[in-house]
Amino acid sequence: RALNGVSFSVEKGDFVAIIGPSGSGKSTLLHTLGGVDRPTGGKVLVNGQDVYSRSDEQIAVFRRREVGLIYQFYNLIPVLNVEENMSLPVLLDGRNVNRDRLRELIRELDLVGREKHLPNQLSGGQQQRVSIARALTLNPDILFFDEPTSALDPELTGEILKVIKELAAEGMTMVVVTHEMSFARDVADHVIFMENGVIVEQNEPSVLFGENASDRVKQFLARFNR
């Protein structure tokens, strides 16, 4: 089983970090929460409604309107410029693009002057900022990040972590799969440690990264730090 008996809650405005070894089920969990991978059992409740009680068409609308998904490799359309990539979710939803909202996001994500650039004309950090801006265009309730810095060098990693930290400070509800342990420790409200498709431990960062963590978590963190 990719996931087995996984259960937890995320409150509005929470920042939840998911950590654990490769193959532990972190990305599968994120995709299940975001309406991408349909589970064979159990429920995913968002705002009190089971996501997977809906039709496939309704789930597609859920993915566009209620959540934003940001992946490690940006997933930008190579023939579309920054503005066009950002506008895509709005157009797919059959709406008119709010130019004021577009300009606001371009300014907030430090993309001014890059509006007409194609993805291959941007740095990795800029491309990831475009993917975050795109996810924000429809004002989703929740943002899901799947290893958003794993494809970036250290300097650009700091760039993206700063953006995520600012979103957390603004009260954005977020679930982030990450290998940035110090970031999870210092910024997250709640941390989940997974292994073999199971939640081994979930707690506040001060507990999970502290002396009272389980032996398995301590072993993982010690190996990771080495």
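Note that the structure is a prediction, hence the values are computed from the model and not measured. (Residues numbered from 1 in each chain as written. Predicted model: local features only at pLDDT ≥ 70, side-chain atom pairs only at ≥ 80, totals over all residues. Heavy atoms only, no water.)

Before going further, it helps to spend a moment on unusual backbone geometry. Phi at asparagine 75 takes a positive value of approximately 60°, unusual for a residue other than glycine. For aspartate 110, which is not glycine, the phi torsion reads 55° and is therefore positive. Mapping aspartate 110 onto the fold places it in the loop between α4 (99-108) and α5 (124-136). When its relative accessible area of 59% is taken as the criterion, aspartate 110 is described as exposed. (Helix = DSSP H or I, 4+ residues; strand = E, 2+ residues; numbered from the N terminus. Buried < 20%, exposed > 50% of the residue type's maximum accessible area, 1.4 Å probe, protein only.)

A complete count under the given rule lists two aromatic pairs for this structure. Geometrically, the ring pair formed by phenylalanine 15 and phenylalanine 183 is tilted, given 5.8 Å between the ring centres and 55° between the ring planes. Within this pair, whereas phenylalanine 15 is found in strand β1 (residues 15-19), its partner phenylalanine 183 is found in helix α7 (residues 181-187), the two being separated by 168 residues in sequence. Here phenylalanine 15 matches phenylalanine 183 in class, with each residue buried. Summarising the aromatic geometry, the rings of phenylalanine 193 and phenylalanine 220 are spaced 5.1 Å apart at their centres and angled 50° between planes, so their arrangement reads as tilted. You can see phenylalanine 193 sitting in strand β7 (residues 190-195) and its partner phenylalanine 220 sitting in helix α9 (residues 215-225), a full 27 residues away along the chain. Across this residue pair, the class does not change: phenylalanine 193 and phenylalanine 220 are buried. (Phe/Tyr/Trp six-rings, centres within 6.5 Å; stacked < 30°, edge-to-face > 60°.)

In the structure shown here, the tally under the stated rule is 13 salt bridges. The closest approach of N and O atoms between arginine 101 and glutamate 104, which form a salt bridge, is 3.6 Å. Taken together, the residues span about one helical turn, with arginine 101 and glutamate 104 both in helix α4 at a distance of three residues. When its relative accessible area of 17% is taken as the criterion, arginine 101 is described as buried. Between lysine 162 and glutamate 166 there is a salt bridge, and its shortest N-O distance comes to 2.7 Å. Of this pair, lysine 162 and glutamate 166 both sit in helix α6 (residues 154-169), separated by four residues, roughly a single helical turn. By relative accessible area, which is 53% here, lysine 162 ends up exposed. Judged by relative accessible area, which is 33%, glutamate 166 ranks as partly exposed. Residues participating in the shared-partner salt-bridge network are Arg64, Arg65, Asp93 and Arg95. (Salt bridge = Lys/Arg side-chain N within 4 Å of Asp/Glu carboxyl O.)

These figures come from the coordinates and say nothing about function on their own.
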